[in-house]
Amino acid sequence: MSNNKMGLLTMCRKAGKLKLGMDMVKTSCKNGEAFAVFVVDDFSVKSLKEVKFTCNRENVPIYNLGVTMDDILYGLGKRVGVMAVTDSGFAKACAKGLEQIEIDENEFYSSI
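What counts, and where the lines are drawn
- Along each chain, residues carry numbers from 1 onward, in the same order as the chain's sequence is written.
- Where local features are concerned, this predicted model is filtered to residues with pLDDT of at least 70; where side-chain atom pairs are given and counted, the filter is 80 or more; whole-chain, interface and lining totals use all residues.
- Values shown for side chains rest on all heavy atoms present in the structure; no hydrogens or waters enter the calculation.
- Every helix listed is a DSSP run of H or I at least four residues long, and every strand listed is a run of E at least two residues long, numbered separately from the N terminus.
- Salt-bridge detection follows one rule: a side-chain nitrogen of Lys or Arg within 4 Å of a carboxyl oxygen of Asp or Glu.
- Accessible area is worked out with a 1.4 Å probe on protein chains only. A residue is then buried under 20% of its type maximum, exposed over 50%, and partly exposed in between.
- The criterion is simple. A nonpolar core is a set of buried Ala, Val, Leu, Ile, Met, Phe, Trp, Tyr and Cys residues joined through side-chain atoms within 4.5 Å.
- In what follows, a contact means two residues having at least one pair of non-hydrogen atoms within 4.5 Å.
- For helices, the fitted axis covers only the stretch in contact; all axes are lines through C-alpha atoms, and the angles between them, taken along N-to-C directions, range from 0 to 180 degrees.
- Each angle gets one of four labels, with under 35 degrees taken as roughly parallel, over 145 as roughly antiparallel, 65 to 115 as roughly perpendicular, and the rest as oblique.
- Crossing handedness is defined as follows: a turn of the near helix away from the far one that is anticlockwise and smaller than a right angle gives a left-handed crossing, while the clockwise case is right-handed.
- In this classification, Asp, Glu, Lys and Arg are treated as charged, Ala, Val, Leu, Ile, Met, Phe, Trp, Tyr, Cys and Pro as nonpolar, and every other residue, Gly included, as polar.
- Here, strands pair whenever DSSP counts at least two bridges between them.
- When the strands point away from the viewer and the path from the first strand over the helix to the second turns clockwise, the crossover is right-handed.

## Comments concerning the environment of Val45
The residue Val45 is located in helix H3 (residues 45-58) in this model. Residues Val45 and Arg79, spaced 34 residues apart in sequence, show a C-alpha to C-alpha distance of 17 Å.

So this is what it looks like as structure tokens:
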């Protein structure tokens, strides 16, 4: 991730438009506040599945930032693996150039 993306995330946080952590992200999605969700590379598979389920249900795009939790700690001062942007302009700017994570609805339901 470029310094530009970290700078955008820092501006989002200072503007109060960045929600950090699983509970805050899920609440933002459910309340219709989240315009985009971003996850880190070293996010656990189980947690990613939970975020993908919430984003799919609430129709929120999810992106991989291409950094680790330690990179986020260094840039934002808090070690988190998932964050939501609650401003459409910031969300669009942060998502630019990032690959959207595909969500397969079949992964949420078992075929038993």
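## Let's talk about the pattern of salt bridges
A complete count under the given rule lists three salt bridges for this structure. The partner of Glu50 in a salt bridge is Lys26, and the shortest N-O contact between them spans 2.6 Å. Taken together, the residues Glu50 in helix H3 and Lys26 in helix H2 (residues 22-30) connect sequence positions 24 residues apart. Where Arg57 meets Glu58, a salt bridge forms, and the shortest distance between an N and an O atom there is 3.3 Å. The class for Glu58 is partly exposed, based on a relative accessible area of 28%.

## Looking at the nonpolar core
Residues Val37, Phe38, Val51, Ile72 and Met83 are the most contacted members of the largest nonpolar core, which totals 37 residues. Discounting chain neighbours no more than four positions away, the residues touching Phe38 are Tyr63, Leu65, Gly81, Val82, Met83, Val85, Ala91, Cys94, Ala95 and Leu98.

## Examining the packing of H2 against H3
Remark: H2 packs on H3, axes separated minimally by 9 Å, with the N-to-C direction vectors making an angle of 15°. In terms of their interaxial angle, H2 and H3 are classed as roughly parallel. Remark: the crossing between H2 and H3 carries left-handed chirality. Here Met22, Lys26, Cys29 and Lys30 of H2 lie close against H3, whose contacting residues are Ser47, Glu50, Val51, Thr54, Cys55, Arg57 and Glu58. Within the contact of H2 with H3, the residues separate by chemical class into four nonpolar, two polar and five charged.

## Concerning the side chain of Thr54
Secondary-structure assignment places Thr54 in helix H3. Owing to a relative accessible area of 4%, Thr54 belongs among the buried residues under this scheme. With sequence-adjacent residues up to four places away left out, Thr54 is seen in contact with Lys26 and Cys29.

## Description of the pairing of strand S2 (residues 36-39)
Alternating residues of S2 divide into Ala36 and Phe38 and Val37 and Val39, and every residue in both groups is buried. Two elements, S2 and strand S4 (residues 82-85), share four bridges in a ladder whose sense is antiparallel. Looking across to S4, one finds that Phe38 is bridged to Met83. Summarising the sheet, S2 and strand S3 (residues 62-64) pair through three bridges and their orientation is parallel. Within the sheet, the bridge partner assigned to Val37 lies in S3 and is Ile62. Once the chain exits S2 it traverses H3 before rejoining the sheet at S3, and the crossover so formed is right-handed.

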